[in-house]
Amino acid sequence: MLLFINQYSARIFQVLWRNFLLLHVFLPALKFFSLAVYSPCKIDLIEQCIIIRINSFIEIDMTDISKTKIDYDFAVIGAGISGAIAFYNLSKNGFSCIIIDKTDKSIPYLLCKLVCEHDFPFMPDIPKDNLDVFVRDHWTSIYASRNIEALVDGKEFNAPLGKLADEYQLIQWYLDKGKEHGGKIQCNQLVSEVKILKDNALLTLQKPDNSEVEVEIEKIRAKAVILATGASGIKLQQDLGFEIPTIMNSISATFKCDPVLIEQNIPADYIFRLHPQISLEGMLWLNRARDYFNIGYVSKESPKEMGIKFLRILQNYEPIKQYFKGIERTLETLTVDDFHYRKCTKYPIDSKVSDRVVVIGDSAGLLYPLYLEGVIGAAASAKIASEVLFELNNNKSSFNSQDLKKYEHILSARLLNSYFKMGKISDEMFFRGNEKPPFTIWDAYLNAINELQQLRKNIWTAYRCQDLGNYPEENDLWCGEQIYKHLPLSKKVSLMPFFLKFKFIK
Ligand SMILES: Cc1cc2nc3c(=O)[nH]c(=O)nc-3n(C[C@H](O)[C@H](O)[C@H](O)COP(=O)(O)OP(=O)(O)OC[C@H]3O[C@@H](n4cnc5c(N)ncnc54)[C@H](O)[C@@H]3O)c2cc1C
């Protein structure tokens, strides 16, 4: 009996000794050798295999872990504009990167977006002359209300305001190029959970609820995660402890149209109208592409209410009737099922980082509040976040929230404390100014645009400013004074305190 115990403990000692050798001598040596040849994530994989081997040696069953684990430096959740740019920038710089989206990103759709000249410093490498992506130059914007229209035309100052981009093509460009650099794209997969562990973030992927495919769960491990889930990933964002920006509803319709008719019927590349009977919280907008245009509005009403109202607007609202002359799709046959319903966000959330997680784009509420201009926030946050991640990686950071705050600081300096600060003031002035009837201040603004070339030039400058961190705030403050001067006399008295507040805002 004693002999048996002795033999058994000798066997245990042998096993432990071998494991000790493997763990403390063999493994570091192999890791050192691999460093010269492989990327860090591959080293992790080797290490993982060895540890599993050791574990199986001492007879612990680890098979389920070894099958499902794949390591990436970074995982991007959400393949909208912000996620796609971050994915490209990280992959291009040699990091192993995966992007996951719950929808099928390979299905083309027609939606065109304003990309202002000031967006381009944040849109790495994309050729501005790619006509599949940038379908037309943006020269003209009309700002309108119930009774007034004001035109800003880049030709007056000899340069366009930006481009109109086909959103599908723009996203595809960044996804394709990211893939060419070794990035992995995984569509039709919902990230249902992200667990922040000591050494990595563990993502759970599964088929979205509406999928007919049987639920199959996959686990992915990454050093850090970029949350780019827009307005449709609220649950995950909340589960990770982040605040949610203000959510609004948007509705839009797309009309295919002969390019000649588009030029004839639609008076500007972008039309932005505030009308109290349409919405008190958002605009009726139109973006024109080459052979289609999109029209829509934003509100806090329910999608159902918006569908019925939008149908009435399209069929009856006199100022927009001319846009539809001669188009194939007759307005009489439209139904609420022909519209696209999407959520959008507004007002940046305070904290945009936590351990191993960075929030970018619409999920962080990064839209210029008045115009709901979101490409700038999506592109700027994606570029800045990816650059901070690769700097931290090079500095062997553990991607803790303290280190990641660098992203927040740069974003504030380059966007939020300057251009977006002025956007917040305009939003408050035009939407929340204590005026009756609504949009009186907006009407004064439109009259001032029509009258003053300098004001039109300031708007043109805002579209084109290449360094938004040094955005000329004095231009907007001067605009504010001109708006005040264009108010009806009765309003000048009641709104004086309101305007003084903005004048002395720091
Ligand atoms: C109709 C409309 C027109 C607009 N026009 C303009 C314009 O002309 N100019 C402008 O500057 N801005 C415009 N905006 C705003 C701008 O488009 C957005 O701010 C920008 O596209 C946001 O991009 P994003 O990548 O942050 O989010 P999104 O585009 O919303 O992308 C988020 C992605 O995350 C995916 N996702 C969410 N949750 C999960 C999950 N758990 N797992 C996996 N995937 C997930 C979604 O499927 C989605 O693809 C417009 C917005 C709308 C709605």
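In this text, all values refer to a predicted model and were calculated from it rather than measured experimentally. (Residues numbered from 1 in each chain as written. Predicted model: local features only at pLDDT ≥ 70, side-chain atom pairs only at ≥ 80, totals over all residues.)

K.L.:
How do you make sense of the overall build of the chain when you look at a structure like this?
P.N.:
Of regular secondary structure, the chain possesses 15 helices and 18 strands. For the chain, buried positions account for 40% of its 506 residues. Of the contacts formed within the chain by residues at least 6 apart in sequence, a portion of 69% connects residues at least 24 apart. (Helix = DSSP H or I, 4+ residues; strand = E, 2+ residues; numbered from the N terminus. Buried ≥ 20, exposed ≤ 12 C-beta atoms within 10 Å, placed from the backbone. Contact = placed C-beta atoms within 7 Å.)

K.L.:
When you look at the site of the ligand in this model, what are you seeing that I'm missing?
P.N.:
In the vicinity of the ligand, 37 residues are found, and the nearest of them are Gly78, Gly80, Gly230, Gly361 and Gly374. Residue composition of the shell around the ligand, by class: 16 nonpolar, 15 polar and six charged. Composition of the shell around the ligand by domain shows at least three residues from each of domain 2 (72-105 + 172-244 + 347-416) and domain 3 (112-163 + 246-344). (Near = placed C-beta within 6 Å. Nonpolar A, V, L, I, M, F, W, Y, C, P; charged D, E, K, R; others polar. Domains from an automatic or database assignment.)

K.L.:
Just to check I follow, could you spell out the sheet that holds strand β7 (residues 162-166) for this structure?
P.N.:
Each strand in a sheet pairs with another by means of backbone hydrogen bonds, the pair being arranged parallel or else antiparallel. The sheet built from three strands is open, its strands ordered β3-β7-β4 with antiparallel pairing. Strands with a single pairing partner mark the edges of an open sheet, and in this sheet they are β3 (112-116) and β4 (134-138). Taken over all neighbouring pairs, the strand axes of this sheet differ in orientation by 30° on average, direction set aside. Pairing of β3 with β7, which is carried by five bridges, proceeds in the antiparallel orientation. Bridged to Cys116 within β7 is Gly162. (Pairing = 2+ DSSP bridges. Axes fitted to C-alpha atoms, helices over the stretch in contact; angles between N-to-C directions.)

K.L.:
Hey, could you run me through the packing of helix α4 (residues 81-92) against helix α9 (residues 375-394) in this one?
P.N.:
How two helices sit against one another is set out by the angle between their axes and by the gap between those axes. Contact pair α4 / α9: the axes reach a minimum separation of 8 Å and the direction vectors enclose 30°. Relative to α9, the element α4 lies roughly parallel. Here α4 and α9 pass one another in a crossing that is right-handed. When α4 is examined against α9, the residues Ile81, Ser82, Ile85, Ala86, Asn89 and Leu90 are found in contact with a partner set consisting of Val375, Ala378, Ala379, Ser381, Ala382, Lys383, Ala385, Ser386, Leu389 and Phe390. A class-by-class count of the residues in the contact of α4 with α9 yields eleven nonpolar, four polar and one charged. (Parallel < 35°, antiparallel > 145°, perpendicular 65-115°, else oblique. Left-handed = near helix turned anticlockwise from the far one by under 90°.)

K.L.:
Which parts of the structure should I look at to understand the nonpolar core?
P.N.:
The nonpolar side chains of a soluble globular protein tend to be buried with one another. Membership of the largest hydrophobic core comes to 128 residues, with the highest contact counts inside it found for Phe74, Ala75, Val225, Ile226 and Val358. Among the elements that line this core, the one with the most residues is α9, at ten residues. In contact with Phe74, not counting residues within four places along its chain, are Leu90, Phe95, Cys97, Ala222, Lys223, Ala224, Ile226 and Leu389. (Core = buried A, V, L, I, M, F, W, Y, C linked by C-beta atoms within 7 Å.)

K.L.:
Teacher, can you tell me more about the confidence of the model for the chain here?
P.N.:
Where the model shows low pLDDT, its predicted coordinates should not be examined in detail. Predicted confidence across the chain gives a mean pLDDT of 88, with 84% of residues reaching 70 or more. Contacts for the low-pLDDT stretch residues 1-68, under 50 throughout, to residues beyond four places or in other chains number 35 contacts. (pLDDT = per-residue confidence, 0-100.)

K.L.:
Help me understand the pairing of strand β1 (residues 71-77) in this model?
P.N.:
Two faces, one strand: in a regular strand the side chains alternate between the faces of the sheet. Most of β1 sits inside the fold, with seven of its seven residues counted as buried. Across six bridges, the pairing between β1 and strand β11 (residues 218-227) is parallel. Paired with Tyr72 across the strands is Ala222, a residue of β11. As defined by bridge partners, β1 adjoins strand β2 (residues 97-100) across four bridges and the pair is classed as parallel. Bridge pairing in β2 links Ala75 to Ile98. Where the polypeptide runs from β1 across α4 and back to β2, its parallel neighbour, the crossover connection is right-handed. (Right-handed = clockwise from strand over helix to strand, strands pointing away.)

K.L.:
What am I meant to see in the sheet that holds strand β12 (residues 246-256) here?
P.N.:
Strand order in the open sheet made by the seven strands is β6-β5-β13-β14-β15-β12-β16, with mixed pairing throughout. A single partner strand is all that each edge strand has here, and the edge strands are β6 (149-153) and β16 (340-346). With strand direction ignored, the average angle separating the axes of adjacent strands in the sheet is 20°. Note: β12 against β16, seven bridges, orientation antiparallel. From the neighbouring strand, Ile251 faces β16, where its bridge partner is Tyr341. Against the sheet, helix α12 (residues 440-451) engages β5 (140-144) and β6, with an angle of about 45° to β6.

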